[in-house]
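Observations on chain architecture
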Amino acid sequence: MKLLMSLALPFEDPVLIFTFVLLIILAAPVILGRFKIPGIVGLIVAGVIVGPNGLNILQRDASIILFGTVGLLYIMFLAGLEIDMIDFKKYKTRSLIFGALTFLIPSIIGTTVFYYLYGYDVKPAILLASMFAPHTLLAYPIISRLGLTKNEAVTVTIGGTLVTDTAVLFVLAIIINSTQGETSVGFWIQMVIEMILFVIVVIWLFPKMAKWMFKQLESEKGAQYIFVLTVVFAAAFLSELAGMEAIIGAFLAGLALNPLIPHASPLMNRIDFVGNNIFIPFFLISTGMLVDLTVLFTDQTAILVAIGIVILSPATKYIAAFISQKLFKFTIAQRYLMFGLSSAHAAATLAVVLAGYEIGLLGESELNGAVALILVSSIISSFTTEKIGKKMAIIESRRKPNLSDKPDRILVPIGNPKTIESLLDLSIMLQNPEHHQPIYPLAVVIDNEHAEEEIYKKHKMLQEAIKHASATDNDVQLVSKIDVNVASGILRGIKELMITEVVLGWNAKITTRDRIFGTVLDNLLDNTEQMILVCKIIQPLNTTARIVVAVPLNAELERGYLRWIRSVKLLAQQLGAKVVFRGRQRTLNKLKPVVNNSKPAIDAVYVPFDKIQDFGGMQSDLNPDDMVVVISARKGTLSYNHNMDLIPRELSKNYGNNSFIIIYPEQYPQYQTVPIKPVAKAYDEEKGEEF
């Protein structure tokens, strides 16, 4: 009897409800995927079928609404978190233009149609037009899955989302308050002040709090995730207090935390996994549960309103995308990508129609018409984005890579268990995202009577490396070598695995005058041509504010010039950090066009210094959250000079509070002729002295 009662429709048992929703999340995309229907649409359709207006298996109760609200905020948060802030700043003017177009065109055309053709009063006509002016980034998970989040059209569309949604919600606030009699000057002044305070708190205060918390919780990965969620929902709540919708707060929280959460990090992987597999599907299902198909086919007014909205919405969004494409000289594919991303309606549309319904400006016909818009626009958005996105992803994959973009095979010799996580995190950030190569943690055991015991200890230590790296969805292949000494084992690993880069931890020791790092590294420098990075990570990587890069004279003549530039740029992009290049003016003049004309885009400045001896004076310009990167060179190479031998001691003595990396660029083998014009020596023509 108890079993029959629990299976009665609609389900009321919370365990059964949650189990059933999980089954929908699991099965709906798979089943509808066989008919080439995007998973997003599949979840919305599933919500229509099982909802109160369908088979009535589930009620849209408080738990569904709660999880759906979390999913909605999660979508907006992820959109702000995954946006490339460098590109966002670079294209902010275009984002403003597109946001204005995608707000004004639907609003003007929609208001005109509903006022003159449908006979609505001015305020209801504006509200109806405002329903399809904003857009929700429902198709963003498709873009993310296809690897198109860095595309300029995507960046412009995401920026435009903030503009148009904010404008619509501001219009909504004006209409609601004017209808309820709140039209005094004092009210509007108070509202503007509250909005300004809200933005200051989220954009300025929250990042400072987050940076401090990440330092305190460096080893507590679960606590970091809980803190991030707390920030998101606190920002959403503050947004409501300021008279705006919660989605604006969630989006701004994503922008605020963007520089502090590297895309290739365990924390980002946890955020993506939980959101895309739990919360966002809940939101899509709860959206589908709002649809009442019977009303749409029996209420003549609802049918007319739905037809008008469903036709005007994609038409006006396409016009905005078309004009933007012509203005920005985008491709046709990018036009359709912008249209696909901006044609879905859910979050702000629901806010507008529900607010209008509550104050009596809109009725049930308009409410059902809005839900029809959500369903139809979601289908149009998903199909368009999926189809165009796949074509663009194929085109991107066929482009000829830069010579510096050959697959990275990174070796990480492990000696100190305390540095495993930081070295692995750094190595993952340095990987070329276009290629999926594993990271190779290496343990070298000296061949003696204790070798077997040492192998066991090393493998146990390396298991921690696998556990940590698995949280980032990156492949890690453990390597162990038994050899006569550590340097020999590393050299053998480099040859056998065809390694391109070696990431070493700083051993905190400076030995004899000629052996500035100790025999292991000196042997590697003498016997390899691969790029070697010697790292000392003091501060958590994700709290890095600037990367200060010291570049020697003639650095552009080395074989590994493009590779180390790309590595620095990848690191800066992952950390959201500004790069400060320092070197001779002539060196910076040659460096600047290479940095500007290669991907990824970074925020970089160029500060000259006169000579390498001035390196010691840089410490007065540094903050604790700055990372120092020194481009060094092996002896006998074109960019080497004897002053470089002073740098390790300088770093160890005077830069103890800053993380730093010394990079020895990739070199030509000793037997190979360097394919460049002969250079007598590194010489400064202006001052007549060696650098």
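The text that follows walks through the structure, step by step, so that each part is easy to find. Small disclaimer: the values here were computed from a predicted structure and weren't measured.

Helix and strand content of the protein: 25 helices and 12 strands. The buried share of the protein, taken over its 691 residues, is 53%. Of all intrachain contacts in the protein linking residues separated by at least 6 positions in sequence, the fraction that spans at least 24 positions is 81%.

Before going further, it helps to spend a moment on the nonpolar core. In this structure, Tyr-74, Val-228, Leu-257, Ile-261 and Ile-271 are the most contacted members of the largest nonpolar core, which totals 117 residues. The element that contributes the greatest number of residues to this core is helix 4 (residues 62-82), accounting for 11 residues. When residues no more than four places from it in sequence are discounted, the contact partners of Tyr-74 are Tyr-225, Leu-229, Ile-271, Val-274, Gly-275, Phe-279 and Ile-280. With 41 residues, the next largest nonpolar core counts Ile-439, Val-549, Val-579 and Ile-631 among its residues.

Counted by the stated rule, this structure contains two cavities of 30 Å³ or more. What the largest cavity holds in volume is close to 50 Å³. Among the elements that take part in the lining of the largest cavity, helix 4 stands out by supplying four residues, more than any other. In terms of residue class, the lining of the largest cavity is made up of six nonpolar, two polar and two charged. Of the volumes computed, that of the second largest cavity is approximately 40 Å³. Listing elements by their share of the lining of the second largest cavity, those giving two or more residues are helix 23 (561-575) and strand 10 (659-664).

Turning our attention to the packing of aromatic side chains. Taken as a whole and judged by the stated rule, the model has 18 aromatic pairs. Ring geometry for Tyr-318 against Tyr-336: centres 5.8 Å apart, planes inclined by 45 degrees, an arrangement best described as tilted. Of this pair, Tyr-318 sits in helix 15 (residues 300-328) while Tyr-336 sits in helix 16 (residues 332-342), placing them 18 residues apart in sequence. Taking the relative accessible area as the measure of exposure, Tyr-318 reaches 25% and is therefore partly exposed. Tyr-336 gets classed as partly exposed once you look at its relative accessible area, which sits at 29%. Put simply, the rings of Phe-18, Phe-67, Tyr-74, Phe-77, Phe-279 and Phe-282 pair up and form one aromatic cluster.

A contiguous nonpolar patch, built from Val-185, Ile-189, Val-192, Ile-193, Ile-196, Leu-197, Ile-200, Trp-204, Leu-205 and Met-209 and spanning about 940 Å² of accessible area, is present on the exposed surface. As for its position among the elements, Trp-204 is in helix 10 (residues 185-216). Classification of Trp-204 as exposed rests on a relative accessible area of 52%.

With respect to the helices, strands and loops of the structure, Lys-317 is situated in helix 15. Lys-317 sits in the buried class, given a relative accessible area of 0%. Sequence separation between Lys-317 and Phe-339 is 22 residues; the distance between their C-alpha atoms is 6.3 Å. With sequence-adjacent residues up to four places away left out, Lys-317 is seen in contact with Thr-102, Pro-106, Phe-132, Ala-133, Pro-134, His-135, Phe-339, Ser-342, Ser-343 and His-345. Among the polar contacts made by the side chain of Lys-317, one reaches the main-chain carbonyl oxygen of Ala-133 at a distance of 2.3 Å.

Bringing the side chain of Arg-634 into the picture now. Considering the arrangement of structural elements, one finds Arg-634 in the loop between strand 9 (626-631) and helix 25 (647-654). The buried charged residue Arg-634 lacks any salt bridge partner; its closest oppositely charged side chain belongs to Asp-526, at an N-O distance of 7.0 Å. One polar contact links the side chain of Arg-634 to the main-chain carbonyl oxygen of Leu-525, over a distance of 3.1 Å. Here Gln-530 takes part through its backbone oxygen, which lies 2.7 Å from a polar atom of the side chain of Arg-634. Once you skip the residues sitting within four places of it in the chain, Arg-634 turns out to touch Leu-525, Thr-528, Glu-529, Gln-530, Ile-532, Tyr-640, Tyr-664, Pro-665 and Gln-667.

A few words now on the packing of helix 4 against helix 13 (residues 266-288). Running from amino to carboxyl end, helix 4 crosses helix 13 at an angle of 135 degrees, the nearest separation of the two axes being 7 Å. What the angle tells us is that helix 4 and helix 13 run oblique. Helix 4 and helix 13 meet at a crossing whose hand is left-handed. On helix 13, the residues that touch Ile-64, Phe-67, Gly-68, Val-70, Gly-71, Leu-72, Tyr-74, Ile-75, Phe-77, Leu-78, Leu-81 and Glu-82 of helix 4 are Met-268, Ile-271, Asp-272, Val-274, Gly-275, Asn-276, Phe-279, Ile-280, Phe-282, Phe-283 and Ser-286. When grouped by side-chain class, the residues that make up the contact of helix 4 with helix 13 number 16 nonpolar, five polar and two charged.

Quick notes on the rules
- Residues numbered from 1 in each chain as written.
- Predicted model: local features only at pLDDT ≥ 70, side-chain atom pairs only at ≥ 80, totals over all residues.
- Heavy atoms only, no water.
- Helix = DSSP H or I, 4+ residues; strand = E, 2+ residues; numbered from the N terminus.
- Buried < 20%, exposed > 50% of the residue type's maximum accessible area, 1.4 Å probe, protein only.
- Contact = heavy atoms within 4.5 Å.
- Core = buried A, V, L, I, M, F, W, Y, C linked by side-chain atoms within 4.5 Å.
- 1 Å grid on protein atoms, 1.4 Å probe; cavity = no way out; pocket = protein on both sides within 12 Å on 5 of 7 lines; lining within 4 Å.
- Points joined across faces, edges and corners; volume = space filled by probe spheres on them.
- Nonpolar A, V, L, I, M, F, W, Y, C, P; charged D, E, K, R; others polar.
- Phe/Tyr/Trp six-rings, centres within 6.5 Å; stacked < 30°, edge-to-face > 60°.
- Patch = residues over 30% accessible without salt bridge, like charges linked within 9 Å, V, L, I, M, F, W, Y side chains within 5 Å.
- Areas by Shrake-Rupley, 256 points an atom, 1.4 Å probe, with all protein chains shown as cover.
- Salt bridge = Lys/Arg side-chain N within 4 Å of Asp/Glu carboxyl O.
- Polar contact = N/O pair within 3.5 Å; in protein donor to acceptor, adjacent residues only side chain to side chain.
- Lys, Arg positive; Asp, Glu negative; His and termini not counted.
- Axes fitted to C-alpha atoms, helices over the stretch in contact; angles between N-to-C directions.
- Parallel < 35°, antiparallel > 145°, perpendicular 65-115°, else oblique.
- Left-handed = near helix turned anticlockwise from the far one by under 90°.

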